[in-house]
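Take a look at the letters that make up each chain.
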4 protein chains.
Amino acid sequence: MEPKVKFNKEYLVVAQNASGRNLNVPVYRFKSDLPGPKVYLQSSIHGAEVQGNVVIYHLIQALQSAPLKGEIILVPNCNPVGSNLKSGEYTLGRFDPVNGQNWNRAYHFDQSLLDSFVEQVDPKADMAELKGLFRDHIKQGIDEVLTSEWGVGLAQQLNLKLQRFAFDADIVLDLHNGPVSTRHIYVPEYARESAKFFNIPHVILIPNKFAGALDEATFCPWWTLSELLQQKYPERHWQFGVEAFTVEMGSQEVIDFNAGEHDARSILSYLSAKGCFSEPLFTPDVMQRHAVFLRDYKTLFSQQGGIVEYLAKPGQIVKKHELLARVLNVDELEDNRAVGEISAPCDLIPILHFPSASVLGGTQLYKCFTNYFDL
Amino acid sequence: MEPKVKFNKEYLVVAQNASGRNLNVPVYRFKSDLPGPKVYLQSSIHGAEVQGNVVIYHLIQALQSAPLKGEIILVPNCNPVGSNLKSGEYTLGRFDPVNGQNWNRAYHFDQSLLDSFVEQVDPKADMAELKGLFRDHIKQGIDEVLTSEWGVGLAQQLNLKLQRFAFDADIVLDLHNGPVSTRHIYVPEYARESAKFFNIPHVILIPNKFAGALDEATFCPWWTLSELLQQKYPERHWQFGVEAFTVEMGSQEVIDFNAGEHDARSILSYLSAKGCFSEPLFTPDVMQRHAVFLRDYKTLFSQQGGIVEYLAKPGQIVKKHELLARVLNVDELEDNRAVGEISAPCDLIPILHFPSASVLGGTQLYKCFTNYFDL
Amino acid sequence: MEPKVKFNKEYLVVAQNASGRNLNVPVYRFKSDLPGPKVYLQSSIHGAEVQGNVVIYHLIQALQSAPLKGEIILVPNCNPVGSNLKSGEYTLGRFDPVNGQNWNRAYHFDQSLLDSFVEQVDPKADMAELKGLFRDHIKQGIDEVLTSEWGVGLAQQLNLKLQRFAFDADIVLDLHNGPVSTRHIYVPEYARESAKFFNIPHVILIPNKFAGALDEATFCPWWTLSELLQQKYPERHWQFGVEAFTVEMGSQEVIDFNAGEHDARSILSYLSAKGCFSEPLFTPDVMQRHAVFLRDYKTLFSQQGGIVEYLAKPGQIVKKHELLARVLNVDELEDNRAVGEISAPCDLIPILHFPSASVLGGTQLYKCFTNYFDL
Amino acid sequence: MEPKVKFNKEYLVVAQNASGRNLNVPVYRFKSDLPGPKVYLQSSIHGAEVQGNVVIYHLIQALQSAPLKGEIILVPNCNPVGSNLKSGEYTLGRFDPVNGQNWNRAYHFDQSLLDSFVEQVDPKADMAELKGLFRDHIKQGIDEVLTSEWGVGLAQQLNLKLQRFAFDADIVLDLHNGPVSTRHIYVPEYARESAKFFNIPHVILIPNKFAGALDEATFCPWWTLSELLQQKYPERHWQFGVEAFTVEMGSQEVIDFNAGEHDARSILSYLSAKGCFSEPLFTPDVMQRHAVFLRDYKTLFSQQGGIVEYLAKPGQIVKKHELLARVLNVDELEDNRAVGEISAPCDLIPILHFPSASVLGGTQLYKCFTNYFDL
């Protein structure tokens, strides 16, 4: 029997601009009458990373006739400030232009909330009930920040209003893009197996360390809770089944509807595996998946300033000492100092590179997989 | 017999920054002992348009062994302010960030200088001498602006210091890039035949109208002088043989050494045809060249804001009503208003498009050849 | 008998952002049942020039109980794009960040519309009817631009949508601020006497030359029409009684409610003199008013880059050779080249100065009245 | 007998720009033949905070005839990238425009360097020798970062090159400005008494916690070393006499030569007290000094967006519930929602406020002393 799915759209106010106007974001929600995981997706918290909006478009198309179990919430274009900040022809979407605060680094994680919660846990509690209590506990912490008498910063306000939604979910997908980038995904180490349900060739495995992003703000509390309870009550197996990912859907500043359809299928394949549909919509592609631990995902900075041709393309296998890029030095065009060469310090896969030919010394030229392995 | 060519490099101070430091640009000069045209090339007056620097690199390589006649001056990276202004990962290189002044719109043209010069012309003067007098006259006008007691604006100062060099030349090439762009060239209508010496498939023919750019600042005075003298002394044929072009070498924010070598060859082919070498280095490719008059080079603005996939690629032949682009509307993802379509208002060739997917209403989506013809 | 005044508020859509959302501006309208002039005021077309919003606030407070004749339309914060563009802590409000287009230079003026209209004028036409026909004629020209098949640029679109309102008015006031500035006003030469109704000490008299701003876009058509008709039909006195002003209400980036109340009183004094109220609300202050012709309103550019202390304050009388500013040169702090001095090239009144201590060479340090006289 | 003082100026390369040019900063050095403390001062690491350059100018003037003991190094305008980045008329000087990295948050502190050093300490070592060894140890750690095969980010590179100089000093002064700000100073808690030697009315006492700034990068290692050694070898008194301060010299974007002379005197008063001169140049003013612990230095964020008049001035005593600011809401000008009021949540002293009237919700309106006390 087909589940009955209700569709609903509302708007969430996340900020207020200098004209005194509320800035809201659309919240699309599909809710089944059958039980199942609760899923939260958002896109474009970094304003120039827009392909995720296309992915969400395709997801909404697919969900209109899918046999959903549980609930899926989709928030495209979730940063109305960053999405609308032009500087020259490009979108200055990665940080608050007032203070440089990265829009994806002001989510909330407070170790003391964990400690106080663990204190109260009944070690025999029903798992669903426990999850509900924990969600309330964390969201109450978020609300306290949001309602502080002294106010709260813009990025934090935006982040926390989204995080409140996300923290109710069992599955959180935050859709991003790299500068000029191949598709890749950040996966918490404990969810390593889930990486195989996505059709994404490059996987970064991250530890239980909070650095401000939404995926971490989602899984770090659950991961930590699980560890604390395991330690305190080792007799029970403390698994909460919550997963969160940052999914990098190619390059910023461009969209591609066809690629977006594939991206959507990749996500639906993962959601199928997680039991979000009464029958699977898609199964994952058979493909090679390269993985690294976060500590081996390294940044190569320019040693000199100049104009760069990026020779190594994102996703390409590069051996130690092979050429990655050439730098032109306009001050020495007449002799052999005119062109500098940048080589790979070790075997690597460039995952993304800087989107502009013009670089100062100290620019992030490439981010690379090193010591990578097959997943 | 091979000409003897002297190479020389110096630095020209064009501005002073807020640290009180002089900003200079390198000036590379090849001078033959054989007479020939004087040529001036510059690149990157718009700071993000960097491929011209690569072209100049290849030209300098080639000129080191070329049988030059006359003189060639090359000024790469000629705008040290615009080249170094990052805003996000891109270069904010088109205009002065203080006031919005386009770096390629503050060159000098003063009709009254023309009128006063024509007054004094001896109708039987030797042509070379006349050209020398006219150059001195115009450069004196430029110097008066540069030394004004009240000072002069930054863009104008930068432009005039370069223009003084350029105005001594018989041939001026200003190397630019479009946003995402096919190669194209701006040619004064009177020099239409010269467009065939470049390997550039798209040609814009421009009238004798000064709008502030270097090519116009070079050819408008000569063109106007020629017309005024022709009118006043119709018995003599007043041709000065000065040509100036804005050459658009593909897309901004990227460089490509291989493409730069082809671009250099295209320029050397033109210079060969103009007698800059004792024997031609290259001859132009046999190829189709599409041309328009400037009035038919039209801008298509977005009617709505949103996220755009540019389907029609620069250089592609597009028929009336064919699809150019799709726009995603994140506020209406659930129904058939989600995707808007933008079609060609008439037969056209898109020459360049906006480099970002994110557009407000009123953004220059495409610039297009309409009513184009073969050259 | 008191006039009956209807108040009404609506919203005008002037642009669409990259999220696909309409951007609108509030339009406050007071309409009397008694005939009288039609007045249009707007503020903050340059996004950082916000004091005009405070002035409009005070005007609306006053108008709620004023014996209005005719109609007053007030559009505060009329540029939702420019008002909301932060770059660092300041508002990048003077130009479109995509292309450098000044938000106050894309209004419409088309000489051919004048010529075609004068053709059709019945020299005996009723003046009110003639004004109505002319307004329709010009607005039709504006509408043709706005509905062009190829679209229209963002600044032009914003400007034209406002201009359609403004062109219906007999009196247009465009409220601006200078960088660090004393209060001053731009007045068309023919309306010189009207400058005495404002409590503004510095007056710039401008000729009939269109450079893109709203005041010019308003008075140039009427002024030109009047001249053309006067020439064609000299027997009749062709006066249309339309006036337009750019009013500079002090410095950008700050507001001051008390000063705003005085600014509002100054405007109400002018409107009183123009018969906008059944009895005058205020009369102008007795005060000295300095005036210049536009050609004598001169910009002093920095000759060198560095860090500047602005010694001469806006509005101060400065004699030739007196000190205006000091420049610190951090590269030479140990000797007497450390501090440069900038003196007045002639007797002058600085009206405004650059708002930052850090300047490149070629920065607009001061704008000054020279050859000024009492009005 | 007067000490002999050698003056010396050199240039330190700290970065390379996109034109491939080295960017250097001037390093002014006064070195006495008499022993004494080593002092390091820098200014304008945040590019718009320029008053410190004026202070250094006055210091250099004074030092040319002062009876110096030890050595003083002064590095004005120490951030050539940030100082030269205009965006609109202001200087975008607080963070790297490419990635939002605050220019004063990438200094180096590595706890493991401390641990490895303490291992090797001879508890009977001569203090001067120990300091020398520690300096070498830390600088070696810095050099390892600077010479990493993978390169280093721009802000970090700039910071580390300066930090190498600073870490040799016994006294480090980093000259800053607030947005619109009264003079205040950050003082490590252990150096509380030293705050009384400056003529600065507002003092923030900070704990031993590294957050990336130069003052912390200087005192945290010494403070930590002192604590670790005290713990390990409690019999000896481990005091190193190194002090570091961030001194906020009023508001950004303006300079004032007279105020700079007072600021210089304040610093010379402190240096006199520290034995930098064979006889004191100045003694501190008798004045009230308000102090807070860092945890009581609080930020008040805007709850709503709009246009703000800052009524409470920096330095002013404000009681709980007193009015701090008014916000204008242009969307509701016709009724009593037009003007919002922002009151003090408790007794406080505003130290600085946002420099623009235009704020989004979540903007840092004021930073305030709460729970302050007399020093």
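This text goes with the structure placed above it.
About the thresholds
- Residues numbered from 1 in each chain as written.
- Chains lettered and ligands numbered in written order.
- Predicted model: local features only at pLDDT ≥ 70, side-chain atom pairs only at ≥ 80, totals over all residues.
- Heavy atoms only, no water.
- Contact = heavy atoms within 4.5 Å.
- Salt bridge = Lys/Arg side-chain N within 4 Å of Asp/Glu carboxyl O.
- Polar contact = N/O pair within 3.5 Å; in protein donor to acceptor, adjacent residues only side chain to side chain.
- Helix = DSSP H or I, 4+ residues; strand = E, 2+ residues; numbered from the N terminus.
- Nonpolar A, V, L, I, M, F, W, Y, C, P; charged D, E, K, R; others polar.
- Phe/Tyr/Trp six-rings, centres within 6.5 Å; stacked < 30°, edge-to-face > 60°.
- Lys NZ or Arg CZ within 6 Å of the ring centre and 35° of its normal.
- Buried area = accessible area lost by both parts, 1.4 Å probe.
- Pairing = 2+ DSSP bridges.
- Axes fitted to C-alpha atoms, helices over the stretch in contact; angles between N-to-C directions.
- Least-squares fit on C-alpha atoms with pLDDT ≥ 70 in both.

S.K.: Sorry, what's going on with the interface of chain B and chain C here?
M.R.: When the parts come together, some accessible area is lost, and that loss is often what is quoted as the size of the interface. Taken together, the contact between chain B and chain C spans 43 residues of the former and 43 residues of the latter. Viewed at the interface, chain C and chain B are joined by 2 salt bridges. Linking Asp331 of chain B and Arg21 of chain C is a salt bridge whose minimum nitrogen-to-oxygen distance equals 2.3 Å. On inspection of chain B and its partner chain C, the count reaches 10 residue pairs in polar contact (both at pLDDT 80 or more). The element contributing the most residues to the side of chain B that touches chain C is strand 13 (residues 297–301) of chain B, with 4 residues. For the side of chain B that touches chain C, the residue count by class is 19 nonpolar, 19 polar and 5 charged.

S.K.: Explanation requested: the packing of aromatic side chains in the structure shown.
M.R.: Centre-to-centre distance and the angle between the planes together describe a pair of aromatic rings. Considering all chains together, one arrives at 84 aromatic pairs over all chains under this definition. Judged by centre distance (6.4 Å) and plane angle (70°), the ring pair of Tyr186 of chain C and Tyr297 of chain C falls under edge-to-face. Here Tyr186 of chain C, found in strand 9 (residues 184–188), pairs with Tyr297 of chain C, found in strand 13 (residues 297–301); they are 111 residues apart in sequence, far enough to count as distant. In this structure an aromatic cluster arises from ring pairing among Phe117, Phe134, Phe167, Trp222 and Phe240 of chain A. In this structure, Arg236 of chain A is placed above the aromatic ring of Trp238 of chain A, and the distance from its NZ or CZ to the ring centre is 4.5 Å. The cationic tip of Arg326 of chain C hangs over the ring face of Phe257 of chain D; the distance from NZ or CZ to the ring centre is 5.5 Å.

S.K.: Quick question: what am I supposed to make of the interface of chain A and chain B here?
M.R.: Each side of the interface is counted separately: chain A has 49 residues, and chain B has 48 residues. Interface of chain A and chain B: buried area, both sides summed, is about 4,200 Å²; carbon and sulfur atoms make up 60% of it. Of all residues in chain A, Glu89, Tyr90 and Glu334 of chain A give up the largest surface area on contact with chain B, accounting jointly for 16% of the area buried on that side. Linking chain A with chain B are 4 salt bridges, by the criterion used here. On the surface where chain A and chain B come into contact, there are 31 residue pairs in polar contact (both at pLDDT 80 or more). Among the secondary structure elements, those contributing two or more residues to the side of chain A that touches chain B are strand 1 (5–16), strand 2 (22–32), helix 1 (51–63), strand 5 (86–87), strand 6 (90–91), strand 14 (306–310) and strand 15 (323–328) of chain A. Considering each element in turn, the side of chain A that touches chain B owes the most residues, 6 residues, to helix 1 of chain A. In terms of residue class, the side of chain A that touches chain B is built from 27 nonpolar, 11 polar and 11 charged.

S.K.: I would appreciate a short explanation of the sheet that holds strand 1 of chain A in the present structure.
M.R.: Within a sheet, adjacent strands bond to each other through the backbone by hydrogen bonds, running parallel or antiparallel. All names here are of chain A. Reading across from one edge, 1-2-4-3-7-11-9-10-12-20 is the order of the 10 strands in this open sheet, with mixed pairing throughout. At either end of the open sheet lies a strand with only one pairing partner, and these are strand 1 and strand 20 (373–374). The sheet contact formed by strand 9 (residues 184–188) and strand 10 (residues 202–206) spans 5 bridges and is parallel. Looking at strand 10, one finds that Ile185 is bridged to Val203. Across the sheet, helix 5 (residues 214–232) is in contact with strand 3 (38–43), strand 7 (171–178), strand 9, strand 10 and strand 11 (243–251); its angle to strand 11 comes to roughly 160°.

S.K.: I'm lost on the relation of the copies chain A and chain B in this one. Help?
M.R.: Taken together, a rotation about one axis and a shift along it account for how the two chain copies relate. Between the two copies, chain A and chain B, the superposition gives an RMSD of 0.0 Å; the rotation angle is 180° and the shift along the axis is 0.0 Å. A rotation of that kind, with that shift, is consistent with a two-fold axis. Residue Ser87 of chain A, judged by its C-alpha, is the member of chain A lying nearest the rotation axis, at 3.3 Å. When you check the interface residues of chain A against chain B, 98% turn up at the interface there too, and the contact is symmetric in its surfaces.

S.K.: Just checking my understanding: could you explain the relation of the copies chain B and chain C for this structure?
M.R.: Rotating chain B by 180° and moving it 0.0 Å along the rotation axis overlays it on chain C with an RMSD of 0.0 Å. When the interface residues of chain B are mapped onto chain C, 100% of them again fall at the interface, so both copies present the same face.

S.K.: I would appreciate a short explanation of the sheet that holds strand 16 (residues 339–343) of chain D in the present structure.
M.R.: All names here are of chain D. With respect to topology, 4 strands assemble into an open sheet ordered 16-15-14-18, the strand pairing being antiparallel. Two strands in the sheet have a free side with no partner beyond their single neighbour: strand 16 and strand 18 (358–359). Two elements, strand 14 (residues 306–310) and strand 18, share 2 bridges in a ladder whose sense is antiparallel. Bridge pairing links Gly306 to Val359 in strand 18.

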